[in-house]
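The chain contents come next:
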Amino acid sequence: MAVKLSARMSALAALVTPGVRLADVGTDHGYIPVFLCQTGKIPSAIAMDVNGGPLQRAEAHVAEFGLGDRIKTRLSDGLEKLEPGEADCVLIAGMGGALIQRILSEGEAVLGSVEELILQPQSEVPQTRRFLREHGYRIVDEDMVEEDGKFYFLMKAHRMEADASEQQSLEDEFGPILLKKKHPVLLRWIRREIRILQMIRRKLLGAMYKTEDGQVMFFWPGEEGSAKQERLSERLEETEKRLRLTEEALKLLE
């Protein structure tokens, strides 16, 4: 009986190219390597985690399904214990985007022999896309999953220079393949983002007032002083900028 994956993990497993040797960084329970080896999609995997507890759980699952000859486990901070040439694909999921970028930067030496990255950043998603583009990777596939009220962005990147795009800011922000697919989950997420941004904008505009000399000021509970006024003004500007960008993306999807 095959191990059962959540919707998010199923989508990650689906992005992995058949036949690759996988390194799963932050493997936790080791579900994805077990599933991929069990179903014959990949020949072998290295399940890695920085914490001993999750690694022990992964080892238990590997043993439970009799895959000890195909899945190795390693205590490793990021890619530290991965040797060059041991893996064709690196999967990093369920971490903040800044941490994923750090792991990739620190593992640059070993990534020279890796053909494919499967990433699912929990935050800093546009920054992660930008990082890939600026470090010689092109996003070749993407997916998006809504699970238990949360939205997850998944991306697959290969080592090749990204093509210049006239819509680079939109693609970095919302995903070049997700936009191209007109992904229905992205559409739901964008509509929700627009509602949230419009609400923030209304609250900020509602707090504005003009002084006798025409200067725009904010009346905001606990926000006093010129520095705080400046922060609120910057927040309004950033909100309106992001709202315009998100509405532009919505036009491409509808």
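As the structure is a computational prediction, the values presented were derived from the model and not from experiment. (Residues numbered from 1 in each chain as written. Predicted model: local features only at pLDDT ≥ 70, side-chain atom pairs only at ≥ 80, totals over all residues. Heavy atoms only, no water.)

### As for helix α6 (residues 125-134)
No. 1: Listed as buried for α6 are V125, P126, T128, R129, F131 and L132.
No. 2: Structurally, α6 contributes buried residues whose contacts are with α4 (97-106), β5 (116-121), β6 (137-147), β7 (150-159), α7 (168-174) and α8 (176-181).
No. 3: G136 lies just past α6 and shows a positive phi near 80 degrees. (Buried < 20%, exposed > 50% of the residue type's maximum accessible area, 1.4 Å probe, protein only. Helix = DSSP H or I, 4+ residues; strand = E, 2+ residues; numbered from the N terminus. Contact = heavy atoms within 4.5 Å.)

### Describing unusual backbone geometry
No. 1: If you check the backbone angles, E124 has positive phi at about 50 degrees while not being a glycine.
No. 2: Looking at the element boundaries, E124 is found in the loop between β5 and α6.
No. 3: Residue E124 is classed as partly exposed on the basis of its relative accessible area, which comes to 34%.
No. 4: Even without glycine at this site, K182 takes up a positive phi of about 50 degrees.
No. 5: Judged by relative accessible area, K182 falls into the partly exposed class, the value being 45%.

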